[in-house]
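Residue strings, one per chain:
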Amino acid sequence: MDKEKKKIALITGITGQDGSYLARFLLNKGYEVWGMYRRSSGDSHLERVEDLKGKINFIMGELSDYSSLYKVIKEVMPDEIYNLAAQSQVRVSFDQPLYTKEVNWFGVERILDLVKEIVPHARVYQASTSEMFGNVVQSPQNEETPFAPVSPYGEAKLKAHEAINRAKKEGIFACGGVLFNHESPKRGIEFVTRKITEGIVRIKLGLPQRETGKNFMELGNLDAKRDWGFAGDYVEAMWLMLQQDKPKNYVIATGETHSVREFVEEAFKTLDLPLTWEGEGINEVGKSQGEIVIKINPHFFRPNEINKLIGDPSKAINELGWKPKTDFKELVKIMIESDFTKLKKDF
Ligand code: NAP
Ligand code: G4F
């Protein structure tokens, strides 16, 4: 890319998992990258992007505040906007439904309104989600599958997705990437995959669990199935969507589904630890070398659960030339190795 004509990208949610991968990807593509972060009482939320200080521009902004978004967009004047910021935890959305809608739905309406006013040429990527499908019967899910969300998070994201479709009809280049679960060593510890890899490494090293201080992990529904990919692969798809001739929505997934139980089993295998299951329902336990290492805690169940998600990424493969590069086993290995290295250092 010509130095004088660097494209300007604005990433909201720069401090999150995807923001940190996408910023690196766009820097490599020669973009001038601006990352929007929100106010916090400390600096710790910047840890995923610590090494990007001096390489990208950081700008403070808040999705629930129109005037702050106005200032951000006016100052950055982006060519591409990647709206990754969100209250992204499904479980939390049941306890904070209105806040979740304020940020995940109205935040998107605010951005689209400002794009129309200030930068109508800008291309907009919206972080839509497989959570919008709910417990739909069609499997695997693709771009034609009807949406039927079962959580406030899914509902808010669907409203935002509809706003994106509306903006498209009004002439804005806006795309909704319907991304299935994607994970990495940078995944937040409150999501199940990272909770598992970090927790099992603690078991391997004989360290107490971070959450409970005890020697066993607590998990919720072991039988939910998700289509898990690697975040580093998925940010490329976000960028590709904004480089097309026409704005379209795409499903981004691996096309494989695994249960939480299978993720746990694979993680134990990766660390050469034995694992057996005993009991049923909330009394089920996971045992390793004679010790109980996993218990079920109903606190982690959801009022409404999605039992199985599996995506069909054919449209993205055919039209974007995108494909997932990291398979399930490799993903578990990458996450385990990273947690092992981190915890071993502090040990
Ligand atoms: P994440 O790690 O939870 O990051 C979310 C980001 O949003 C953080 O930077 C967070 O800032 C920021 N944020 C939250 N509320 C905000 C607000 N009110 N104003 C401004 N910023 C705010 O999520 P992720 O995994 O990177 O996911 C990125 C996006 O993709 C999210 O929109 C998520 O809903 C969506 N998505 C994710 C997946 C997945 O499997 N990862 C799948 C489909 C869709 P703090 O650091 O200050 O909290
Ligand atoms: O890791 P999770 O919390 O991810 P979830 O709910 O699927 O949401 C993630 O993926 C969505 C895409 O489909 C994104 F839109 C969203 O932002 C987020 O990134 O839970 C995965 C599964 C669920 O079925 C949950 O019930 O794991 C089950 N689970 C079992 N025990 C647990 C636990 N989930 C969490 N977080 N913690 C547990 O202890």
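*Asks:* It is not clear to me how the packing of helix H6 (residues 192-205) against helix H8 (residues 260-270) should be interpreted in this structure. Could you clarify?
*Replies:* A pair of packed helices can be characterised by two numbers: the angle between their axes and the separation between those axes. With their axes 10 Å apart at the nearest point, H6 and H8 run at an angle of 35° to one another. Judged by the twist between their axes, the crossing of H6 over H8 is right-handed. Only Val 260, Phe 263, Val 264, Ala 267 and Phe 268 of H8 make contact with H6, whose side of the interface consists of Val 192, Thr 193, Ile 196, Thr 197, Ile 200 and Ile 203. Grouping the constituent residues of the contact of H6 with H8 by class yields nine nonpolar, two polar and no charged.

*Asks:* So what exactly am I meant to see when it comes to the sheet that holds strand E4 (residues 80-83) here?
*Replies:* Either a parallel or an antiparallel arrangement is found when strands of a sheet pair, and the pairing is made through backbone hydrogen bonds. Strand order in the open sheet formed by seven strands is E3-E2-E1-E4-E5-E6-E11, and the pairing between neighbours is parallel. The open sheet has two edge strands, strand E3 (57-60) and strand E11 (250-252), and neither has a second partner. Recorded for the sheet is a direction-independent mean angle of 25° between the axes of neighbouring strands. The pairing of strand E2 (residues 32-37) with E3 spans four bridges and is classified as parallel. Across the sheet, residue Gly 35 finds its bridge partner in E3, namely Phe 58. Along the sheet, helix H1 (residues 17-28) contacts strand E1 (8-12), E2 and E4; its crossing angle with E1, the most-contacted strand, is approximately 170°.

*Asks:* Whenever I open this one, the nonpolar core confuses me. Can you help?
*Replies:* Generally speaking, nonpolar side chains in soluble globular proteins are found buried as a group. Grouped together as the largest cluster of nonpolar side chains are 64 residues, with contacts concentrated most on Leu 26 and Tyr 82. Here this core takes nine residues from helix H7 (residues 231-242), the largest share from any one element. In this view, Leu 26 contacts Ala 9, Ile 11, Tyr 31, Val 33, Tyr 82 and Trp 239; residues no more than four positions away in its chain are not counted. Counting 28 residues, the second largest nonpolar core, distinct from the first, contains Val 72, Ile 111, Val 115 and Ala 122.

*Asks:* Please clarify how the pattern of salt bridges should be interpreted in this entry.
*Replies:* Proximity of charged atoms lets side chains of opposite charge pair with each other. All told, the structure shown has 22 salt bridges when counted by the stated rule. A salt bridge links Lys 116 to Glu 170, with the shortest nitrogen-to-oxygen separation between them at 2.9 Å. Highlighted residues: Lys 116 in helix H4 (residues 97-118) and Glu 170 in the loop between helix H5 (152-169) and strand E6 (173-179), separated in sequence by 54 residues. A relative accessible area of 30% means that Lys 116 is categorised as partly exposed. For Glu 170, a relative accessible area of 45% translates into the label partly exposed. Notably, a salt bridge pairs Glu 337 with Lys 333, separated by 3.5 Å at the nearest N-O pair. Placement of the pair is Glu 337 and Lys 333 together in helix H10 (residues 328-346), with a separation of four residues, close to one helical turn.

*Asks:* Looking at this structure, I do not really get the site of ligand 2. What am I missing?
*Replies:* In the vicinity of ligand 2 lie 22 residues, with Thr 129, Ser 130, Tyr 153, Arg 302 and Glu 305 positioned nearest. Here a nitrogen atom of ligand 2 sits 3.0 Å away from a polar atom, N or O, in the main chain of Glu 190. Between Val 192 and ligand 2, the recorded distance is 2.8 Å, taken from a backbone N or O atom to an oxygen atom. Taking 720 Å² as the accessible area of ligand 2 by itself, protein coverage stands at 94%. Among the residues forming the shell around ligand 2, the class breakdown is nine nonpolar, six polar and seven charged.

Rules used throughout
- Residues numbered from 1 in each chain as written.
- Chains lettered and ligands numbered in written order.
- Predicted model: local features only at pLDDT ≥ 70, side-chain atom pairs only at ≥ 80, totals over all residues.
- Heavy atoms only, no water.
- Axes fitted to C-alpha atoms, helices over the stretch in contact; angles between N-to-C directions.
- Helix = DSSP H or I, 4+ residues; strand = E, 2+ residues; numbered from the N terminus.
- Left-handed = near helix turned anticlockwise from the far one by under 90°.
- Contact = heavy atoms within 4.5 Å.
- Nonpolar A, V, L, I, M, F, W, Y, C, P; charged D, E, K, R; others polar.
- Pairing = 2+ DSSP bridges.
- Core = buried A, V, L, I, M, F, W, Y, C linked by side-chain atoms within 4.5 Å.
- Buried < 20%, exposed > 50% of the residue type's maximum accessible area, 1.4 Å probe, protein only.
- Salt bridge = Lys/Arg side-chain N within 4 Å of Asp/Glu carboxyl O.
- Near = heavy atom within 4 Å.
- Polar contact = N/O pair within 3.5 Å; in protein donor to acceptor, adjacent residues only side chain to side chain.
- Areas by Shrake-Rupley, 256 points an atom, 1.4 Å probe, with all protein chains shown as cover.

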